[in-house]
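Working through the structure, step by step
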Amino acid sequence: MGTISVNIDVGKGYEVFIGRGILSCCGQLIAESVSPCRAAIITDSNVGKLYLETVTRSLVRAGFKPCAYTFEAGEASKNMETLSDALEFLADSGITRSDLVVALGGGVTGDMAGFASGVYLRGIKLVQIPTTLLSMVDSSVGGKTAVNLSAGKNLAGIFKQPEMVVCDTDCLHTLPEQTFADGAAEAIKYGVLTDRALFDGFEGGVDRGDLPRIIARCVEIKGKIAAADEFDVGQRRLLNLGHTIGHAVEKCSNFEIPHGHAVAAGMVMIARAGENLGYTQKGVAEAIAGVLRANGLPVSAPYGADELCKAAMSDKKRCGGSISLVFPEYIGSCRVVDRPVSELRDIIELGVGNQ
Ligand SMILES: NC(=O)c1ccc[n+]([C@@H]2O[C@H](COP(=O)([O-])OP(=O)(O)OC[C@H]3O[C@@H](n4cnc5c(N)ncnc54)[C@H](O)[C@@H]3O)[C@@H](O)[C@H]2O)c1
Ligand SMILES: [Zn+2]
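Everything quoted here is computed from the prediction, not taken from an experiment.

Looking at the assigned domains, one finds that the protein chain contains domain 1 (3-175) and domain 2 (183-352). Using C-alpha coordinates to define each centre, domain 1 is positioned 27 Å away from domain 2. With both chains or domains summed, domain 1 and domain 2 bury close to 2,200 Å², and 71% of this area falls on carbon and sulfur atoms. Taken together, the links from domain 1 to domain 2 amount to two salt bridges. Lys222 is paired through a salt bridge with Asp138; the nearest N and O atoms lie 2.7 Å apart. One can count four residue pairs in polar contact (both at pLDDT 80 or more) joining domain 1 with domain 2. Contributing elements (two or more residues each) for the side of domain 1 that touches domain 2: β1 (3-8), β2 (14-19), α5 (133-139) and β8 (152-159). Looking at the side of domain 1 that touches domain 2, the element that brings in the most residues is α5, giving six residues.

Okay, structure coming up:
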């Protein structure tokens with residue numbers, strides 16, 4: 001089986017277990033740090049069908065008493081209504097302060113269940129079992145949770161660190177190609193941020209046999225960056241590489257272009273803008289584009305600078321009259337630069353270029 005464990009030093013610190021087939025012994029892993037109790041599994045309709053039984057069985061074997069709340073799969077469910085429903089479920093099931101919430105699913109489930117566990121009875125224990133590549137390398141680590149409001153994505157949320165994270169890479173076999181590619185975009189982002197060797201490893205597409213090691217490295221990088229800045233006021237902004245323009249692309253497409261795909265295009269555009277502004281070494285944008293293409297990801301988006309700028313203006317990363325942008329310097333190093341909001345349109349224009 002082979003489990004890699006990464007110790008994340010965010011909040012009180014916790015382990016991320018990564019391995020093939022470890023879902024069937026998740027109960028045992030959880031029992032190492034949480035004594036047997038009621039375990040409320042929160043999952044979505046797709047993941048529930050595939051993995052709820054395995055997780056339930058393993059929890060029972062380890063002495064836990066599981067119950068399950070399943071919501072309709074998809075981003076549209078990540079709202080206050082589902083959150084409220086999940087909280088009512090926890091109350092109806094008699095979950096107490098000494099019990100546990102288990103988030104079983106992708107980033108939507110992790111965000112929903114994380115939020116619910118953080119506010120139910122003012123906070124009970126949480127274990128994350130991510131089942132998408134994106135949630136393994138990104139959303140299950142770092143402690144951010146959120147739901148969407150009518151006014152925008154992720155506008156209501158809390159910080160909630162889990163007791164542990166269990167990543168079974170075998171779950172990724174059932175993932176649709178496009179959803180897998182979304183996660184690959186975030187993994188490539190970590191390479192651009194701090195690790196040239198990780199980045200180079202994606203040149204021929206993701207080596208699926210090497211996924212436990214790749215995920216461990218991404219988790220390590222995210223953990224280091226998040227630990228230095230648990231509440232997202234400084235260096236954690238580096239994790240937004242490609243995201244300011246990426247979010248704008250998502251918005252312009254009315255969320256038809258998925259997050260990772262939009263971030264991929266956003267990374268190329270900000271690198272190209274950086275080359276023009278002198279923050280980024282020449283050739284970096286093309287190097288990023290090459291690796292993204294090899295992973296079935298887009299390197300541009302069909303929107304002009306005006307449209308993208310308008311969409312980007314509502315980004316949370318805006319602060320007063322300036323906006324924080326992350327520019328690659330070279331592959332393996334990036335920096336956060338604050339620029340006046342009034343320059344954003346022109347910066348985006350440099351990024352859009354004449355693709
Ligand atoms: N909290 C954070 O730090 C953070 C970071 C990044 C993204 N996010 C959030 O994560 C969400 C995106 O995450 P996501 O892409 O995992 O979305 P998701 O949870 O909706 O999963 C994508 C789709 O794959 C299905 N699925 C999940 N695991 C599967 C499996 N093993 N086999 C087959 N199908 C499976 C799901 O049912 C869903 O239909 C967004 O809401 C985003 O805002 C949060
Ligand atoms: Zn992202």
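With that settled, the discussion passes to the coordination of the zinc ion (ligand 2). Every protein donor of the zinc ion (ligand 2) is accounted for by Glu186 (OE), His243 (NE2) and His259 (NE2), and the metal-donor separations fall at 2.0 to 2.1 Å. Counting gaps between the donor residues of the zinc ion (ligand 2) yields the pattern E-x56-H-x15-H. Highlighted residues: Glu186 in helix α6 (residues 177-194) and His259 in helix α10 (residues 259-277), separated in sequence by 73 residues.

Take the site of ligand 1 next. What surrounds ligand 1 is a group of 25 residues, the closest being Asp44, Glu75, Thr131, Thr132 and Thr174. Separating a nitrogen atom of ligand 1 from a side-chain N or O atom of Asp111 is a distance of 2.9 Å. Interatomic distance of 2.7 Å between a side-chain N/O atom of Thr131 and a nitrogen atom of ligand 1. Contact with the protein chains removes 86% of the 860 Å² of surface that ligand 1 exposes when unbound. Only α2 (45-61), α4 (107-119), α5 and β8 provide two or more residues apiece to the shell around ligand 1. At four residues, α2 tops the list of elements feeding residues into the shell around ligand 1.

Looking at the element boundaries, Gly19 is found in strand β2. What makes Gly19 buried here is its relative accessible area of 0%. For the pair Gly19 and Ser77, spaced 58 residues apart in sequence, the C-alpha to C-alpha distance is 29 Å.

Another aspect to go through is the packing of aromatic side chains. Tallied over the full model, the rule gives two aromatic pairs. Ring centres 5.5 Å apart and planes at 40° place the aromatic pair Tyr69 and Phe89 in the tilted group. On the criterion of sequence distance, the pair formed by Tyr69 in strand β4 (residues 65-71) and Phe89 in helix α3 (residues 80-92) is long-range, its members being 20 residues apart. Its relative accessible area of 11% is what places Tyr69 among the buried residues. The ring centre of Tyr190 lies 5.2 Å from the NZ or CZ of Lys189, which sits over that ring. Over the face of the ring belonging to Phe180 we find Arg208, whose NZ or CZ atom lies 3.7 Å from the ring centre.

Conventions adopted
Residues numbered from 1 in each chain as written. Chains lettered and ligands numbered in written order. Predicted model: local features only at pLDDT ≥ 70, side-chain atom pairs only at ≥ 80, totals over all residues. Heavy atoms only, no water. Domains from an automatic or database assignment. Buried area = accessible area lost by both parts, 1.4 Å probe. Salt bridge = Lys/Arg side-chain N within 4 Å of Asp/Glu carboxyl O. Polar contact = N/O pair within 3.5 Å; in protein donor to acceptor, adjacent residues only side chain to side chain. Helix = DSSP H or I, 4+ residues; strand = E, 2+ residues; numbered from the N terminus. Donors = N, O, S within 2.8 Å, 3.2 Å for Na, K, Ca; no water. Near = heavy atom within 4 Å. Areas by Shrake-Rupley, 256 points an atom, 1.4 Å probe, with all protein chains shown as cover. Buried < 20%, exposed > 50% of the residue type's maximum accessible area, 1.4 Å probe, protein only. Phe/Tyr/Trp six-rings, centres within 6.5 Å; stacked < 30°, edge-to-face > 60°. Lys NZ or Arg CZ within 6 Å of the ring centre and 35° of its normal.

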